[in-house]
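Below are the chains, spelled out letter by letter.
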Amino acid sequence: MRVVIAEDLALLRDGMIRLLRDHGHEVVAAVEDGDALVRAVAGHKPDICVVDVRMPPTFTDEGVKAAVAVRERFPGTAVLIVSQYVEDTYAAELLADGKGGVGYLLKDRIADVREFVDAVERVAGGGTAMDPEVVAQLLTRHRRDDGPLDELTPREREVLELMAEGRSNAAIAGALVVTDGAVEKHISSIFGKLGLTVSDTDHRRVLAVLTYLQG
Amino acid sequence: MAPGDGGRTMPAMTVLKSWGRDLAFHCVGLVTSIVGFTLWVTGVSVTLSLAITVVGLLAALVFFWLFRWFARIERRRAALVLGEPIAERYRRGQPGAGWFARLRAAAADPATWKDFAWTGICGVLGFTLAVIVLSLWSSVLYLISLPIWYWAPAPSMSLGFTDIDTLGKALACAGVGLLLVPVCGLIVRGLTRLELAAMVPLLRPPRGEELAERVDVLTTTRAGAVDAQAAELQRIERDLHDGAQARLVALAMSLGMAEDKLDSDPAQARELLAEARGEARTALTELRDLARGIHPPILADRGLEAAITSIAARSPLAVSIEADLPSRPPAAVEGAAYFVVTEALANATKHSGAHAVLVRLALRDGLLVVEVADDGSGGADAQGSGLVGLRRRVEALDGTLSVVSPPGGGTTLHAEIPSRR
């Protein structure tokens, strides 16, 4: 997998490079600001960019702006935002195009090396990886009262929340202390209520999550 | 010299000084009242005689200006007895306004008409009182000096009702003269108060405008303080984000990788653990520095001098400290002074190429005076964000901050902060 990293703090940039290389991924470029990110994506056509939110020159939300620009100009490029804080507005901006291949994680999660690498791989494969914090914040935003999500049972919501975090069916079953079969039943019920017909299973999964997160 | 300055000397000296000041007040008043009377009479007659023409309006503007100038001198004369000049406040004209707009603005300002009133009153009242005072004191002086005149070859001396023809009489008169000194002093004191009673209300800005001006100042300085505080919070957030918080992320990352490698590559895992420990230590140092930057514990515990000695010891520059602080200023004042010094030292270290810095701290007349002078290259930008932040912080406490930084001439920061509780 070919990765571009955008992170201005050398300490963290070097850490992520080492971590991803250790797990057999190729870091084709590591840049320090948003403009350089867009150029690096244009030049290297990576599978995924791992992007810090706050970078020079203004140290506010350069990373998010650059990530949105990357997805507009190079559709299909996966973006994983890593940040020291969660801002649901940024996550909403990223999700706005309704496509998969996005993630937003707190940098704390990088400490779980395997989970982090899994998240990078999943997002690069078109999936999602949302930090539980991001999910929680997105869910407290105003939602439509009459959306299809209203039809979900509380249990189905829990399942969908865990799906948004990017967990597998087995992991969801473990977290909710139910059988894999029960999880599968909940998921197909969710797909039905959200009007997602049987086609590509993975794609349906992403769409369900996006519907959920966009409220 | 302020009244009451003689508090440490004998009371008699204080009384004599106050009589001396009264006398000086009226001596100067004799001159200014003549000027004032002339000015007033000329002003009124010239302006009225030209009133129907445009020239009359121009003349009025000129005389408004002259009355203002006269009032300014009179406010200073009042300082002879009040200790400080009467405050002056006129409505601010618009810059670049034409003469007619200025005339209208001046005519609309009550202070202009009060100046006019005092110029006239001073011409009569000030003059009369000055003549009385000078006559009184010269009579007393004459009586006291009679024995000298007696010895001197004067043809004849008379007090009107008796001739001074014996030394005994002369000495008796001198005695009476000496007894009359306090009487005369008290009468003059009363006359001075009389004049001030007419003068001060006319020359002092009305309380309302004083308050309005104070509100303006407070509004500005409060906005400045709020901005400074917001900027400070932002700086702290940035320091945390880029410093300790990032260190902790890196530390967690190193620990995670170490855990990952524990079985497959114990040697590298050990290396990662050592790195993690280093990062933890650095994070602690950064947190400590940050906390010290927010409010250093030593400042609260031991006061300004100790806190500044402590940062001076950590500075790469040769910092000498001259402190004269008999008591501790309020905490907010200490905090502001501390930041003036730390910011000045940081600037001197970073930008100026200075070798030595002199920090002076003194508590003078209820003002905490802080001065930081370096021998660096000068040319500091007084509008730079650091200095603007400092100025706002100092102004929020009604203090002032000035920066002198000629290119090549070192930089001196001078702050004065009122320190009364």
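Everything discussed here concerns the structure shown above.
Below: a short report on this structure. Because the structure is a prediction, the values reported are computed rather than measured. (Residues numbered from 1 in each chain as written. Chains lettered and ligands numbered in written order. Predicted model: local features only at pLDDT ≥ 70, side-chain atom pairs only at ≥ 80, totals over all residues.)

## What to know about helix α9 (residues 180-193) of chain A
Consideration 1: With 14 residues, α9 of chain A should reach 20 Å at 1.5 Å per residue; the first-to-last C-alpha distance of 20 Å fits that figure.
Consideration 2: Looking one or two residues beyond α9 of chain A, the residue adopting positive phi is Gly195 of chain A, at roughly 75 degrees. (Helix = DSSP H or I, 4+ residues; strand = E, 2+ residues; numbered from the N terminus. Expected span 1.5 Å × (residues − 1).)

## Considering the sheet that holds strand β1 (residues 318-324) of chain B
Residue and element names in this part refer to chain B.
Consideration 1: Pairing within the open sheet is mixed, and its five strands lie in the order β1-β2-β3-β5-β4. If you trace the sheet from one side to the other, it starts and ends with β1 and β4 (400-404), each paired once. The sheet shows a mean angle of 10 degrees between the axes of neighbouring strands, taken without regard to direction.
Consideration 2: Where β4 meets strand β5 (residues 412-418), five bridges bridge the pair, whose relative direction is antiparallel. For Leu401, the partnering residue across the bridge sits in β5 and is Ala415.
Consideration 3: Sheet strands in contact with helix α11 (residues 304-314) are β1 and β2 (356-364), and its direction is about 175 degrees off that of β1.
Consideration 4: Contacts from helix α13 (residues 385-395) reach β4 and β5, with the element oriented near 150 degrees to β4. (Pairing = 2+ DSSP bridges. Axes fitted to C-alpha atoms, helices over the stretch in contact; angles between N-to-C directions. Contact = placed C-beta atoms within 7 Å.)

## Looking at unusual backbone geometry
Consideration 1: Note that the residue after Pro56 of chain A, namely Pro57 of chain A, is joined by a cis bond; omega there is 5 degrees.
Consideration 2: Take Pro57 of chain A: it is sitting in the loop between β3 (48-52) and α3 (62-73).
Consideration 3: With a phi close to 45 degrees, Lys45 of chain A is a non-glycine residue in the positive phi region.
Consideration 4: Locating Lys45 of chain A in the fold gives a position in the loop between α2 (34-44) and β3.
Consideration 5: Unlike most non-glycine residues, Asp365 of chain B shows phi in positive territory, near 50 degrees.
Consideration 6: Here Asp365 of chain B is to be found in the loop between β2 and β3 (367-374).

## Overview of the interface of chain A and chain B
Consideration 1: Counting residues at the interface gives 15 residues for chain A, matched by 13 residues for chain B.
Consideration 2: Elements represented by at least two residues in the side of chain A that touches chain B include exactly α1 (10-22) and α5 (113-124) of chain A.
Consideration 3: At four residues, the largest contribution of residues to the side of chain A that touches chain B is made by α1 of chain A.
Consideration 4: When the residues that make up the side of chain A that touches chain B are grouped by side-chain class, the tally is eight nonpolar, two polar and five charged. (Nonpolar A, V, L, I, M, F, W, Y, C, P; charged D, E, K, R; others polar.)

## Concerning the packing of helix α7 (residues 207-242) of chain B against helix α8 (residues 244-261) of chain B
Residues and elements named next belong to chain B.
Consideration 1: Two elements in contact, α7 and α8, have axes whose closest approach is 3 Å; the angle formed by their N-to-C orientations is 15 degrees. On the basis of their axis angle, the class for α7 and α8 is roughly parallel. From α7, Leu240, His241 and Asp242 reach across to α8, where they touch Ala244, Gln245 and Ala246.
Consideration 2: In terms of residue class, the contact of α7 with α8 is made up of three nonpolar, two polar and one charged. (Parallel < 35°, antiparallel > 145°, perpendicular 65-115°, else oblique.)

## Here's the deal with α1 of chain A
Consideration 1: Counted at 1.5 Å a residue, the expected span for α1 of chain A with its 13 residues is 18 Å, and the 18 Å between its end C-alpha atoms agrees.
Consideration 2: When we look at burial in α1 of chain A, the residues that qualify are Leu12, Gly15, Met16, Leu19 and Leu20 of chain A. Here the buried residues of α1 of chain A occupy an arc of 120 degrees about the axis, which is enough to place them on one side. Among the exposed residues of α1 of chain A, those oriented more than 90 degrees off its buried face are Ala10 and Arg21 of chain A.
Consideration 3: The elements touched by buried residues of α1 of chain A are β1 (2-6), β2 (26-31), β3 and α5 of chain A together with α8 of chain B.
Consideration 4: Just downstream of α1 of chain A, Gly24 of chain A is the residue with a positive phi angle, here 80 degrees. (Buried ≥ 20, exposed ≤ 12 C-beta atoms within 10 Å, placed from the backbone. Arc of directions from axis to C-beta.)

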